[in-house]
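# Overview (structure and organization)
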Amino acid sequence: DVKVTQSSRYLVKRTGEKVFLECVQDMDHENMFWYRQDPGLGLRLIYFSYDVKMKEKGDIPEGYSVSREKKERFSLILESASTNQTSMYLCASSPHRDRGRGAFFGQGTRLTVV
Amino acid sequence: AQKVTQAQTEISVVEKEDVTLDCVYETRDTTYYLFWYKQPPSGELVFLIRRNSFDEQNEISGRYSWNFQKSTSSFNFTITASQVVDSAVYFCALLGGTYKYIFGTGTRLKVLA
């Protein structure tokens, strides 16, 4: 059973804290994504990685950074958490070839910044 | 520019009614893929179906069916005889010439018993 696993389902952090969201996939996919989901706005791409150590900014990268040191792991970092980063965060992976297979998603991390 | 529009924010139906979720897309790519995902209350997006731009055949899977029409840039999703377990947020997505998926804003479906 293929899997994308996010390290936490729920997270509460204080304003100004450095926050790490971890994502691991076991499908040997080259592409990995971090999305943010907010009511009425759908899924917005924060960052995208197409290979180890390679990354590309999505539509809303401000306030975030990412790290991909190993193929299976993609981390999202909030350098200094703010209340407007309270949201649902979704990690996904997809293969380079057979693009039509689609993206596979983790269970999501609901982050609250207080 | 690539865009996916799901104009229906929320739909409520009574159990056993049929319901259609609309999806309209924009792309200049000649080769692209369209997807539908279901997000139940648990949060994980579950893949339902994909279509490539060269395959306009409609598809039926149990109570689910999909109507892809390139002429109107639409990829609509119909649930026949809806059930309470169908209650979820449904997303339509587009994958064009890059590796980035473009999602619509989602349609929340509520099926009432």
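To keep things clear, this report deals only with the structure shown in the data block. (Residues numbered from 1 in each chain as written. Chains lettered and ligands numbered in written order. Predicted model: local features only at pLDDT ≥ 70, side-chain atom pairs only at ≥ 80, totals over all residues. Heavy atoms only, no water.)

All names here are of chain B. For strand β10 (residues 88-95), a buried count of eight out of eight residues is recorded, marking the element as mostly surrounded by other parts of the structure. Neither face of β10 is left uncovered, since the one carrying A88, Y90, C92 and L94 and the one carrying V89, F91, A93 and L95 both have all their residues buried. As defined by bridge partners, strand β5 (residues 33-39) adjoins β10 across seven bridges and the pair is classed as antiparallel. Counterpart to Y33 in the pairing with β10 is L95. With three bridges connecting them, β10 and strand β11 (residues 101-103) associate as antiparallel partners. Of the residues in β11, the one forming a bridge with L94 is I102. Connecting the antiparallel pair β10 and β11 is a turn made up of five residues. (Buried < 20%, exposed > 50% of the residue type's maximum accessible area, 1.4 Å probe, protein only. Helix = DSSP H or I, 4+ residues; strand = E, 2+ residues; numbered from the N terminus. Pairing = 2+ DSSP bridges.)

The next point concerns the packing of aromatic side chains. Considering all chains together, one arrives at 24 aromatic pairs over all chains under this definition. An angle of 65° between the planes, with centres 5.5 Å apart, marks the rings of F77(B) and Y90(B) as edge-to-face. Within this pair, whereas F77(B) is found in strand β9 (residues 74-79), its partner Y90(B) is found in strand β10, the two being separated by 13 residues in sequence. Accessibility classification places F77(B) together with Y90(B) in one group, the buried group. One aromatic cluster in this structure is built from F33(A), Y35(A), F48(A), Y50(A), F105(A), Y33(B), F35(B), Y37(B), F47(B), F91(B), Y101(B) and F103(B). (Phe/Tyr/Trp six-rings, centres within 6.5 Å; stacked < 30°, edge-to-face > 60°.)

What makes a disulfide is a covalent bond joining the sulfur atoms belonging to two cysteines. Tallied over the full model, the rule gives two disulfides over all chains. C23(A) shares a disulfide with C91(A); S-S distance 1.9 Å. Of note, the bridge from C23(A) to C91(A) carries an S-S torsion of about -80° and is left-handed in sense. Of the two residues, C23(A) is situated in strand β3 (residues 19-25) and C91(A) in strand β9 (residues 87-94); the sequence distance between them amounts to 68 residues. By relative accessible area, C91(A) is classed as buried at 0%. Here C23(B) engages in a disulfide with C92(B); their sulfurs sit 1.9 Å apart. An S-S torsion of about -65° defines the bridge between C23(B) and C92(B) as left-handed. Remark: C92(B) occurs in strand β10 and C23(B) occurs in the loop between β3 (19-21) and β4 (24-26); sequence separation between them is 69 residues. In this structure, C23(B) and C92(B) share a single accessibility class: buried. (Disulfide = S-S within 2.5 Å.)

Attention now goes to the side chain of S94(A). Locating S94(A) in the fold gives a position in strand β9. Under the relative-accessibility criterion, S94(A) is labelled buried at 1%. Those residues in contact with S94(A) that lie beyond four places of it in its chain are H29(A), E30(A), N31(A), F33(A), G102(A), A103(A) and Y101(B). (Contact = heavy atoms within 4.5 Å.)

Another point: the pairing of strand β8 (residues 73-78) of chain A. Residues and elements named next belong to chain A. Among the six residues in β8, five count as buried, and that is most of the element. Where β3 meets β8, six bridges bridge the pair, whose relative direction is antiparallel. Paired with E22 across the strands is S75, a residue of β8. Across five bridges, strand β7 (residues 64-70) lies against β8 in antiparallel orientation. Each bridged residue has a counterpart across the sheet, and for S67 the counterpart in β8 is S75. Hairpin connection, β7 to β8: the antiparallel pair is bridged by two residues.

The interface of chain B with chain A comprises 21 residues on the first partner and 25 residues on the second. Buried area between chain B and chain A, summed over both chains or domains, comes out near 1,900 Å², and the portion from carbon and sulfur atoms is 55%. Among the residues chain B hides against chain A, the three largest losses belong to Y99(B), K100(B) and Y101(B). Together they make up 35% of the total. Between chain B and chain A we count one salt bridge in total. As a salt-bridge pair, K100(B) and E56(A) come within 3.1 Å of each other at their nearest N and O atoms. Across the contact surface, chain B and chain A share eight residue pairs in polar contact (both at pLDDT 80 or more). Within the residue set of the side of chain B that touches chain A, elements represented by two or more residues are β5, β6 (46-52), β10 and β11 of chain B. Tallying contributions element by element places β5(B) first for the side of chain B that touches chain A, with four residues. Split by residue class, the side of chain B that touches chain A holds 10 nonpolar, eight polar and three charged. (Buried area = accessible area lost by both parts, 1.4 Å probe. Salt bridge = Lys/Arg side-chain N within 4 Å of Asp/Glu carboxyl O. Polar contact = N/O pair within 3.5 Å; in protein donor to acceptor, adjacent residues only side chain to side chain. Nonpolar A, V, L, I, M, F, W, Y, C, P; charged D, E, K, R; others polar.)

By themselves, these observations are geometric and do not establish any function.
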